[in-house]
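Below are the chains, spelled out letter by letter.
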Amino acid sequence: MLSSIVKAAAVAVVAIAIGLVVYEDQLPAPYQHSVRIARTTVPVMLAMGKLPLGLRSESFDPRTRTLDYVIEHAAEGNATSVIDTIDEHGWSGYFMINVGPAKSEIVLAALEQRLEAALAEHRATGKTSFIALELGTFLGYGAVAIADAMKAFKAKHGLRDEDFTMEFLTVDPSPTAHAVSHKMLDYAGFGCDLSQYCTEEKVHIDVCLAYSGDVLRRVAAEGKKLDFVFVDHVKHLYLSDIELALELGVLADHAVVVGDNIIFPGAPDYKAFLIEGRGKDVFDTVVHDSTLEYSETHDQVTVSTLK
């Protein structure tokens with residue numbers, strides 16, 4: 001009896017969803033945006049097993065779907081083309097939870113600032129490495145953008161591995177995220193960087209199939225320090241992971257930590273920690289107003305510099 005009710009409810013939901021999609025253009029603008037998000041996030045939830053409808057298929061997953069779109073439309077070996085193509089796909093109505101074009105400008109500006117500071121440290125004190133970490137790979141959008149910026153900076157200043165190494169770790173526990181982002185990075189021209197046998201002077205990239213806390217502990221065990229951290233994974237882990245990073249002592253002097261989605265879906269405890277709590281004594285934080293990826297919905301990005 002219960003299963004019949006569940007099935008009937010599922011059919012009703014699907015019917016309503018189809019009706020909304022069909023008449024989407026006739027709805028007021030705010031509702032059009034809501035329908036667009038719903039018709040793309042529901043398949044995401046289905047793909048991740050979050051809805052009890054018994055429908056799980058790779059065809060629903062926005063990561064594999066977006067990778068197919070990139071391979072079909074982007075120029076291979078061109079990171080800018082890959083990013084632009086993902087954005088094109090996102091703006092066409094396929095809502096995705098990567099950082100998107102508006103907020104990535106904030107992320108990359110913070111990264112550039114930290115790179116410049118690290119280069120100054122290299123020249124003044126002999127600092128020999130720069131390590132960036134991304135928590136939450138998803139499909140590789142942020143990874144491609146960050147790796148490309150690091151590669152460009154290294155080339156611009158003529159930095160070679162024997163003098164100044166650059167390492168980028170991107171972390172996600174999802175096997176799909178790991179596979180898709182690895183392919184996305186390879187297609188964007190970072191195949192050499194992903195190989196331990198790479199002989200070119202580039203950015204050393206590690207796509208980690210792991211949980212964020214485990215990677216932070218690994219970094220600590222290896223005696224490494226993180227210069228830049230982009231936090232864009234599960235929102236309820238923002239605070240605990242940064243507290244863990246502080247506890248482990250893995251943040252380099254003047255390290256920069258960037259947090260995405262502060263308003264939507266939201267990380268209120270993390271923001272409170274930075275602005276009102278213990279974090280205000282540890283970091284200098286700037287809150288940047290922006291918009292949610294592929295929409296006009298208000299969002300914020302925090303850029304925090306270790307004091």
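These remarks concern the structure in this document. Just so it is clear, the model here is predicted, and its values are computed rather than measured. (Residues numbered from 1 in each chain as written. Predicted model: local features only at pLDDT ≥ 70, side-chain atom pairs only at ≥ 80, totals over all residues. Heavy atoms only, no water.)

Description of the pairing of strand S5 (residues 251–259)
- Of all nine residues in S5, seven are buried, a share of seventy percent or more.
- Pairing between strand S4 (residues 226–231) and S5: five bridges, direction parallel. Counted as the bridge partner of Phe 228 is Val 256 from S5.
- With helix H9 (residues 238–248) bridging S4 and its parallel neighbour S5, the resulting β-α-β unit is right-handed.
- Pairing of S5 with strand S7 (residues 298–306) involves four bridges; the strand directions are antiparallel. Bridging from a neighbouring strand, Gly 259 pairs with Thr 302 of S7. (Buried < 20%, exposed > 50% of the residue type's maximum accessible area, 1.4 Å probe, protein only. Helix = DSSP H or I, 4+ residues; strand = E, 2+ residues; numbered from the N terminus. Pairing = 2+ DSSP bridges. Right-handed = clockwise from strand over helix to strand, strands pointing away.)

Quick notes on the side chain of Glu 293
- Position of Glu 293 relative to the elements: it lies in the loop between strand S6 (283–291) and S7.
- A residue is classified by how much of its surface remains accessible, and Glu 293, at 3% relative accessible area, is buried.
- Contact partners of Glu 293, with chain neighbours within four places excluded, come to Phe 95, Met 96, Ile 97, Asn 98, Val 99, Gly 100, Lys 103 and Asn 261. (Contact = heavy atoms within 4.5 Å.)

Some words on helix H8 (residues 212–221)
- Within H8, the full set of buried residues consists of Ser 212, Gly 213, Val 215, Leu 216 and Val 219. Looking straight down H8, one finds that the buried residues subtend no more than 165° of arc, so they occupy a single side.
- Against strand S1 (129–135), strand S2 (165–172), strand S3 (204–209), S4 and H9 lie the buried residues of H8.
- Backbone geometry just downstream of H8 places Gly 223 in the positive-phi region, at approximately 70°. (Arc of directions from axis to C-beta.)

Quick word on the packing of helix H6 (residues 141–156) against helix H7 (residues 175–190)
- Orientation of H6 relative to H7, taken along the N-to-C sense of each, is 35°, at an axis distance of 10 Å. Handedness of the crossing formed by H6 with H7: right-handed. Contacts between H6 and H7 pair Ala 143, Val 144, Ala 147, Asp 148 and Lys 151 from the former with Met 184, Leu 185, Ala 188, Gly 189 and Phe 190 from the latter.
- Here the contact of H6 with H7 is composed, by residue class, of seven nonpolar, one polar and two charged. (Axes fitted to C-alpha atoms, helices over the stretch in contact; angles between N-to-C directions. Left-handed = near helix turned anticlockwise from the far one by under 90°. Nonpolar A, V, L, I, M, F, W, Y, C, P; charged D, E, K, R; others polar.)

What about unusual backbone geometry?
- A cis geometry characterises the amide bond from Phe 264 onward to Pro 265, with omega recorded as 0°.
- By secondary structure assignment, the location of Pro 265 is in helix H10 (residues 262–266).
- In the Ramachandran plot, His 254 falls in the positive-phi region, its phi being about 65° despite a non-glycine side chain.
- Along the polypeptide, His 254 turns up in strand S5.

Re helix H11 (residues 268–275)
- Every buried residue belonging to H11 is among Tyr 270, Phe 273 and Leu 274, and all of these are buried. Along the axis of H11, the buried residues cluster in a sector spanning 95°; they form a single face.
- Residues of H11 that are buried make contact with H9, S5, H10, helix H12 (279–282), S6 and S7.

Some details on the packing of aromatic side chains
- According to the stated counting rule, one finds two aromatic pairs in the structure shown.
- Relative to Tyr 294, the ring of Trp 91 lies with its centre 5.6 Å away and its plane at 90°, an arrangement referred to as edge-to-face. A residue pair is termed long-range when its members are at least 10 positions apart, and Trp 91 in helix H4 (residues 79–91) and Tyr 294 in the loop between S6 and S7 qualify at 203 residues.
- By relative accessible area, Trp 91 is classed as partly exposed at 46%. (Phe/Tyr/Trp six-rings, centres within 6.5 Å; stacked < 30°, edge-to-face > 60°.)

Comments concerning the environment of Leu 209
- As for its position among the elements, Leu 209 is in strand S3.
- With residues near it in sequence (within four places) discarded, Leu 209 still touches Asp 172, Pro 173, Ser 174, Pro 175 and His 178.

Overview of the sheet that holds S6
- Across the sheet, which stays open at both edges, the seven strands sit in the order S3-S2-S1-S4-S5-S7-S6 with mixed pairing between neighbours. Two strands bound the open sheet, and with one partner strand each, they are S3 and S6. Sheet twist, expressed as the average angle between the axes of neighbouring strands with direction ignored, equals 15°.
- For S1 and S2, the ladder comprises seven bridges, and the chain directions are parallel. Note on S2: the bridge partner recorded for Glu 134 is Thr 170.
- On the sheet, H6 packs against S1, S2, S3 and S4 and is oriented at approximately 175° with respect to S2.

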